[in-house]
Amino acid sequence: MKPITQTPIVILNFKTYLESTGQNALKLAKACEKVAKETGVNIAVAPQHMDIYMLAQEVEIPVFAQHIDPVVAGGHTGSVLLECAYEAGAVGTLINHSEQRMKLADIDEVIKRTSSKDMVSVVCTNNIETSIAAAALGPNFVAVEPPELIGSGIPVSQAEPEVVEGTVDAVQKIDTSVNVLCGAGISTGDDMKAALDLGSVGVLLASGIILAKDPEKALLDLVSKI
Ligand code: G3P
């Protein structure tokens, strides 16, 4: 397996689409693994929590959680415990996705707990200012995603290039070891190339691949211009 943080990196967030749930999640993860092997690009998947164990058993690409709660072991019914995600096979996690926002202090707590397990932390942000705050907490990645472009099919790398470039510049000033990803509306090889040209080291995406007629073909196109 490649180092989990090898860049360029593509992280496919399975969200809660039926097309990426259960057996469909497995099929999609296998397609990601095939494209990763054929192209040498680091492709990670972030399935729903209940699919983490199955996928981690079945594929050799990194499997991330979509969210971890800032709780320690004990009485927290319904929460996602970091140790449980880790034992299920998650090697990293998204944190503070726009669809699962968290308090700053809780983001800090989860980043610290991921690093204690050598798990990769990807903090999602919605603009340059929140990216600066996230970078100050020292995650592995900050993934900037303007919420209005999520699921829109309009790529952030082309619609709001200044947000990506501005985030890269600002994060560099805070901590040069924090890498920037971008996401929202990304689906094609041109979108991915534009993202890399703006200084990000990869993309976080979902619908452009998950809802494509042929996700494997869409993935191949996505990484074709790297
Ligand atoms: O986590 C990725 C995401 O929020 C972007 O979604 O569907 O615009 O690629 P999408």
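Keep in mind that what you see is a predicted model, and the values were worked out from it rather than measured.

Caption draft 1: Summary view of unusual backbone geometry. For the bond from T7 to P8, the omega torsion is -5°, close enough to zero to count as cis. Here P8 shows up in the segment before β1 (9-13). A positive phi angle, close to 105°, is found at A184, a residue other than glycine. If you trace the backbone, A184 turns up in the loop between β7 (179-183) and α8 (189-197).

Caption draft 2: The site of the ligand, seen in detail. As a structural note, the neighbourhood of the ligand is formed by N13, K15, H97, E145, I150, G151, A184, G185, L204, L205, A206 and S207. Between the ligand and the protein, one listed contact pairs an oxygen atom with a side-chain N or O atom of H97 at 2.8 Å. Take G151: an N or O atom from its main chain is 2.7 Å from an oxygen atom of the ligand. Isolated, the ligand exposes 300 Å² of accessible area, and the fraction of that covered by the protein chains is 100%. Taken together, the residues that form the shell around the ligand break down as five nonpolar, five polar and two charged.

Caption draft 3: Spatial organisation of the layout of surface pockets. By volume, the largest pocket amounts to about 360 Å³. Contributing to the lining of the largest pocket are 16 residues, with K15, T16, Q48, H49 and Q66 lying nearest its centre. At three residues, the largest contribution of residues to the lining of the largest pocket is made by helix α2 (residues 49-58). Looking at the lining of the largest pocket residue by residue, the class counts come to four nonpolar, nine polar and three charged. Estimates place the volume of the second largest pocket at around 200 Å³. Contributing to the lining of the second largest pocket are E19, N24, K27, L28, A31, I210, L211, A212, K213, P215 and E216. Elements represented by at least two residues in the lining of the second largest pocket include exactly α1 (23-39) and α10 (215-222). The dominant element in the lining of the second largest pocket, judged by the number of residues it contributes, is α1, at four residues. Per-class residue counts for the lining of the second largest pocket are six nonpolar, one polar and four charged.

Caption draft 4: Expanded view of the sheet that holds strand β5 (residues 120-125). Across the sheet, eight strands lie side by side as β2-β1-β8-β7-β6-β5-β4-β3; this open sheet has parallel pairing. Whereas interior strands pair on both sides, the edge strands pair on one side only; in this sheet they are β2 (42-46) and β3 (64-65). Here strand β6 (residues 141-144) runs beside β7; their pairing, made up of four bridges, is parallel. Of the residues in β7, the one forming a bridge with V144 is C182. Against the sheet, helix α7 (residues 161-174) makes contact with β6 and β7, and its axis sits at roughly 165° relative to β7, the strand it touches most.

Cut-offs and rules
- Residues numbered from 1 in each chain as written.
- Predicted model: local features only at pLDDT ≥ 70, side-chain atom pairs only at ≥ 80, totals over all residues.
- Heavy atoms only, no water.
- Helix = DSSP H or I, 4+ residues; strand = E, 2+ residues; numbered from the N terminus.
- Near = heavy atom within 4 Å.
- Polar contact = N/O pair within 3.5 Å; in protein donor to acceptor, adjacent residues only side chain to side chain.
- Areas by Shrake-Rupley, 256 points an atom, 1.4 Å probe, with all protein chains shown as cover.
- Nonpolar A, V, L, I, M, F, W, Y, C, P; charged D, E, K, R; others polar.
- 1 Å grid on protein atoms, 1.4 Å probe; cavity = no way out; pocket = protein on both sides within 12 Å on 5 of 7 lines; lining within 4 Å.
- Points joined across faces, edges and corners; volume = space filled by probe spheres on them.
- Pairing = 2+ DSSP bridges.
- Contact = heavy atoms within 4.5 Å.
- Axes fitted to C-alpha atoms, helices over the stretch in contact; angles between N-to-C directions.

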